Amino acid sequence: MITIDCAGDTELADKLVNYLKNNGIDCTQEDSLVLVTLNEVEKILKMFLKETRRVEYSILKSDLTTFVVAKVVPIEDFGLLRCNICGYVVSSEEELTAHQRAHGIQLL
Ligand SMILES: [Zn+2]
């Protein structure tokens, strides 16, 4: 099972579910998460973004079974920090440290 995380964007998740179903791909939606059993998720996501002209979105692989689809914005301008591994956004150094521990990084 692969999770496609639309980062809180339920409308995007709705559109993605429609797109997948139109292409005969079985999926379930839970708010802004779309769950699929599919091997070529990244390829399908790229086609979806291209065909729906969502050029400002990008696909990030956050772990083995999770893809994040989100708009790319220069968040650093808002005083936010981005995880350099998966692109996850947090608002403080403490949160970033806690988050990065989840990747198994040993931080001093
Ligand atoms: Zn991360």
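Here the structure is a predicted model, which is why all the values come from computation and not from measurement.

1. Considering the overall build of the protein
- Within the protein one finds three helices and seven strands.
- For the protein, the α and β elements follow one another from N to C terminus as β-α-β-β-α-β-β-β-β-α.
- Along the first, second and third principal axes, the C-alpha atoms of the protein reach 50 × 30 × 20 Å.
- The buried share of the protein, taken over its 108 residues, is 13%.
- Contacts in the protein between residues at least 24 apart in sequence constitute 40% of all its contacts with a sequence separation of at least 6.

2. Overview of the domain arrangement of the protein
- Domain assignment breaks the protein into domain 1 (2–72) and domain 2 (74–108).
- Here the C-alpha centroids of domain 1 and domain 2 sit 23 Å apart.

3. Describing the pairing of strand β2 (residues 27–30)
- As defined by bridge partners, β2 adjoins strand β3 (residues 33–36) across four bridges and the pair is classed as antiparallel. When the bridges of β3 are listed, threonine 28 appears paired with leucine 35.
- Once β2 ends, the chain turns through two residues before running back antiparallel as β3, passing aspartate 31 with a positive phi of about 55 degrees.

4. A short note on helix α2 (residues 41–51)
- Where α2 is concerned, the buried positions are Val41, Leu45 and Phe48. Along the axis of α2, the buried residues cluster in a sector spanning 60 degrees; they form a single face. Residues of α2 that are exposed and point more than 90 degrees away from the buried face comprise Lys43, Lys50 and Glu51.
- Structurally, α2 contributes buried residues whose contacts are with β1 (2–5), α1 (10–22), β3, β4 (57–63) and β5 (66–71).
- Of the residues flanking the end of α2, it is arginine 53, one or two places downstream, whose phi is positive at about 55 degrees.

5. Focus on the sheet that holds β1
- What the five strands build is an open sheet, ordered β2-β3-β1-β5-β4; its pairing is mixed. The sheet is open, and its two borders are formed by β2 and β4, each paired with just one other strand. Averaged over all adjacent pairs, the angle separating strand axes in this sheet is 20 degrees, with direction ignored.

6. A closer look at the pairing of β4
- Pairing of β4 with β5, which is carried by six bridges, proceeds in the antiparallel orientation. Bridge pairing in β5 links serine 58 to alanine 70.
- Linking β4 back to β5 in an antiparallel pair, the connection comprises two residues.

Reading guide: rules and limits
- Residues numbered from 1 in each chain as written.
- Predicted model: local features only at pLDDT ≥ 70, side-chain atom pairs only at ≥ 80, totals over all residues.
- Helix = DSSP H or I, 4+ residues; strand = E, 2+ residues; numbered from the N terminus.
- Buried ≥ 20, exposed ≤ 12 C-beta atoms within 10 Å, placed from the backbone.
- Contact = placed C-beta atoms within 7 Å.
- Domains from an automatic or database assignment.
- Pairing = 2+ DSSP bridges.
- Arc of directions from axis to C-beta.
- Axes fitted to C-alpha atoms, helices over the stretch in contact; angles between N-to-C directions.

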